[in-house]
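Fold and geometry: a report
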Amino acid sequence: MNVKDIINKLYEVNSASKKELLYLLDNINEGEKDYLISKAHDTRMKYYSNKVYLRGLIELTSFCKKDCLYCGLRRSNKNAQRYRLDIDDVLECVRKGDKLGYKTFVLQGGEDAYYSDEIMINIIKAIKKEFPENAITLSLGERSYESYRNLFEAGADRYLLRHESASKELYESIHPGEPFEERFNCLKNLKEIGYQAGAGFMVGIPNQTNEDLVNDLIFVKKFAPAMCGIGPFIPHKDTPLKEYKHGSLEKTVICLAIVRLLLPKVLLPATTALSSIDKNGRNAGLKAGGNVIMPNLSPMSVRKKYSLYNDKAYILDEDAEYRKLIEEKVKEAGFEVEVNRGDNIDFIK
Ligand code: SAM
Ligand code: SF4
């Protein structure tokens, strides 16, 4: 076995065994990393050319009933500042985003029972009434099958629910009292209902091994999500994991490139978390096969309150200026911003 052969296999047949993936993660050197990235880049060019899709991120609520050990919004964090956006706030963000050319809106938030199906259906329908051509992505955590179906029928197109870790023990160690199987059941339900479903994982979770990352890669290959969010774990000062180091840029980029090769058509964000640990993080993500950026559209007054981890990048950048800056930065990196919904090509009707 050698690393280059495994990369070639990934490139040619879009798969590799557990053993091969582990060998690759354990042994890859600088030159081989560049080779992996070049193969991931070729693959993205083949399916999506040099396009980068933008999603306007609206952080709906900082209330959360869950207690994930890593996240600043966890219910036990007494220092967290809580807020909720109402339908008018959301519509204002959406209008601003549409003017800036964002054709997908991502409504993300903690698991907050205030956002009942009825409230979410009203929000989704109001957005779709004004912007019928635009896509809506939800990222509101675990809900029942029925709830997911109701929101889909109201007009939601996509749902992001990272699996966080595909190793049961590691998953349950950072999600106390939350069965691993539930998360995966939700993902299965989302797919069955017809959403473009997004899975994903954090790189550098405390005590995570390369074997754990291989489990993530194998899970992602098998589940074949339409989108896959991969970002480094970053500590938050008011959580039990505050003393740990953040995940590495290098390993995150390697995982992004492998996922691009395993799932050539997947939509792969260069995440804000990646930019938050390194000022060149986003470019590195784009060069390794990333083709999505999710700029923040939330009202300025709430942005600091949606605090998942320390030192979040671009947090108070003014939207119109930031939009221009993204376009420039994307161009500098050799890519081009595309102003359309940016569906996974398997879902384009
Ligand atoms: N509550 C929903 C959920 O958990 O799926 C959606 C919102 S949650 C804040 C979105 C994502 O943020 C999570 O899937 C998790 O991977 C990421 N996240 C939370 N805390 C993080 C941290 N400390 N470092 C990196 N990513 C983090
Ligand atoms: Fe809540 Fe999501 Fe944060 Fe977990 S990751 S505490 S579910 S907002």
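On a predicted model such as this, the values are computed, not experimentally measured, just so you know.

The secondary structure content of the chain amounts to 14 helices and nine strands. Taking 2.2 N^0.38 as the reference for a compact globule, 349 residues should give roughly 20 Å; the C-alpha atoms of the chain span a radius of gyration of 19 Å, in line with that estimate. C-alpha atoms of the chain, sized along the principal axes, occupy 55 × 40 × 35 Å. Every one of the 349 residues in the chain was classed for burial, and the buried ones make up 48%. Counting only contacts in the chain whose residues sit at least 6 apart along the sequence, the fraction spanning at least 24 positions is 78%.

Moving on to the nonpolar core. Note that soluble globular proteins tend to have their nonpolar side chains buried in a common cluster. In this structure, Ile58, Tyr159, Cys228, Ala257, Ile258 and Val259 are the most contacted members of the largest nonpolar core, which totals 98 residues. Here the element with the most residues in this core is helix 10 (residues 249-262); it accounts for nine residues. When neighbours within four sequence positions are excluded, tyrosine 159 is seen to be in contact with Thr137, Leu138, Ser139, Tyr148, Leu190, Tyr195, Ala197 and Gly198.

So, on to the UniProt feature "binding site: (3R)-3-methyl-D-ornithine" (unreviewed entry) in the chain. The feature "binding site: (3R)-3-methyl-D-ornithine" (unreviewed entry), as given by UniProt, occupies Ser139 in the numbering adopted here. Tracing the backbone shows serine 139 in strand 4 (residues 135-139). Since 19 C-beta atoms lie within 10 Å of it, serine 139 is described here as partly exposed. Apart from residues no more than four positions distant in its own chain, serine 139 is found in contact with Val106, Gln108, Tyr159 and Leu160.

Near ligand 2 you find Cys64, Lys66, Cys68, Cys71, Leu73, Arg74, Gly110, Glu111 and Gly141, and these make up its full shell. Partitioning the shell around ligand 2 into residue classes produces four nonpolar, two polar and three charged.

This paragraph deals with helix 8 (residues 180-193). With 14 residues, helix 8 extends 21 Å between its outermost C-alpha atoms, agreeing within 8% with the 20 Å of an ideal straight helix rising 1.5 Å per residue. When we look at burial in helix 8, the residues that qualify are Arg183, Cys186, Leu187, Asn189 and Leu190. Take helix 8 and look down its axis: the buried residues cluster within an arc of 160°, on one side only. Of the exposed residues in helix 8, those oriented more than 90 degrees away from the buried face are Glu181 and Glu192. Close packing links the buried residues of helix 8 with helix 6 (145-154), strand 5 (158-160), strand 6 (196-203) and helix 9 (210-223). Just downstream of helix 8 lies glycine 194, where phi reads positive at about 120°.

Rules behind the numbers
Residues numbered from 1 in each chain as written. Chains lettered and ligands numbered in written order. Predicted model: local features only at pLDDT ≥ 70, side-chain atom pairs only at ≥ 80, totals over all residues. Helix = DSSP H or I, 4+ residues; strand = E, 2+ residues; numbered from the N terminus. Rg over C-alpha atoms; globule rule 2.2 N^0.38 Å. Buried ≥ 20, exposed ≤ 12 C-beta atoms within 10 Å, placed from the backbone. Contact = placed C-beta atoms within 7 Å. Core = buried A, V, L, I, M, F, W, Y, C linked by C-beta atoms within 7 Å. UniProt positions renumbered as here; feature names shortened; annotations may be inferred. Near = placed C-beta within 6 Å. Nonpolar A, V, L, I, M, F, W, Y, C, P; charged D, E, K, R; others polar. Expected span 1.5 Å × (residues − 1). Arc of directions from axis to C-beta.

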